[in-house]
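Architecture at a glance
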Amino acid sequence: MLRLHVGCPHCDTSFNDPSHLIDDFPSILLKMEVDGRKGFIRLSTLYGSYNLESEFPIPQGSLVNLYCRSCGKSLESTRKCDLCGAPMAKMKLASGGYIQVCMRKGCKKHVLEFEDIDGDLQPFVDIQLMD
Ligand SMILES: [Zn+2]
Ligand SMILES: [Zn+2]
């Protein structure tokens, strides 16, 4: 199974946190803000895994703004989700290029789920929920 090594597009800090595992691998630790509420969120680094942990429950349909835990900058990109129009978050792949995820919880282009990375050296890669 493919594992994602992602980091901050601003400060290059790795988001992988070996001290806390999801799916038996280091989680992706980020800061989030949902409806003005701030907390931590952890995503799985495993391609195709929908597992996540968040400091508080995220209501379906909410926008989950993601921030680097090191430099604190927003991961929001200029790109919008073509399914729901929400902003997308951009993360840097250690292998080169970026991944982008929709920041709306429950969207088909789910913020917390990864889809096919077709050639992982493309500068931009769309992530979609596999249904
Ligand atoms: Zn950063
Ligand atoms: Zn969306």
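Further up the page is the structure itself.
These figures come from a predicted structure and were not determined experimentally. (Residues numbered from 1 in each chain as written. Chains lettered and ligands numbered in written order. Predicted model: local features only at pLDDT ≥ 70, side-chain atom pairs only at ≥ 80, totals over all residues. Heavy atoms only, no water.)

For the rest of this paragraph, the subject is the overall build of the chain. Within the chain, the secondary structure is distributed over 0 helices and 9 strands. Ordered by position in the sequence, the α and β elements of the chain form the string β-β-β-β-β-β-β-β-β. Put simply, the chain has 131 residues, and 45% of those count as buried. Counted over contacts in the chain with a minimum sequence separation of 6, partners at least 24 positions apart contribute 46%. When the accessible surface of the chain is split by element, carbon and sulfur atoms take 49% of a total near 6,400 Å². (Helix = DSSP H or I, 4+ residues; strand = E, 2+ residues; numbered from the N terminus. Buried < 20%, exposed > 50% of the residue type's maximum accessible area, 1.4 Å probe, protein only. Contact = heavy atoms within 4.5 Å. Areas by Shrake-Rupley, 256 points an atom, 1.4 Å probe, with all protein chains shown as cover.)

Let's shift gears to the coordination of the zinc ion (ligand 2). For the zinc ion (ligand 2), the full set of protein donor atoms is C81 (SG), C84 (SG), C102 (SG) and C107 (SG), at a range of 2.2 to 2.3 Å. One can describe the site at the zinc ion (ligand 2) as tetrahedral: its 4 donor atoms subtend angles covering 103 to 112° at the metal. Mapping the donors of the zinc ion (ligand 2) onto the primary sequence gives the spacing C-x2-C-x17-C-x4-C. Under the relative-accessibility criterion, C81 is labelled buried at 4%. (Donors = N, O, S within 2.8 Å, 3.2 Å for Na, K, Ca; no water. Tetrahedral: all angles 85-135°; square planar, octahedral: opposite > 155°, others 65-115°.)

Before going further, it helps to spend a moment on the pairing of strand β4 (residues 37–43). Pairing geometry for strand β3 (residues 25–34) and β4, over 7 bridges, is antiparallel. Along β4, the bridge assignment pairs L29 with R42. Where β3 folds back on β4, the antiparallel hairpin that results is connected by 2 residues, among which D35 adopts a positive phi of roughly 50°. (Pairing = 2+ DSSP bridges.)

Turning to the coordination of the zinc ion (ligand 1), a few remarks are in order. For the zinc ion (ligand 1), the full set of protein donor atoms is C8 (SG), C11 (SG), C68 (SG) and C71 (SG), and the range of their distances to it is 2.3 Å. Its 4 donor atoms give the zinc ion (ligand 1) angles of 106 to 113° at the centre, a pattern that matches the tetrahedral case. For the zinc ion (ligand 1), the donor residues sit on a single chain with the sequence spacing C-x2-C-x56-C-x2-C. Here C11 is found in the loop between β1 (6–7) and β2 (16–22), whereas its partner C68 is found in the loop between β6 (65–67) and β7 (76–80), with 57 residues between them in sequence.

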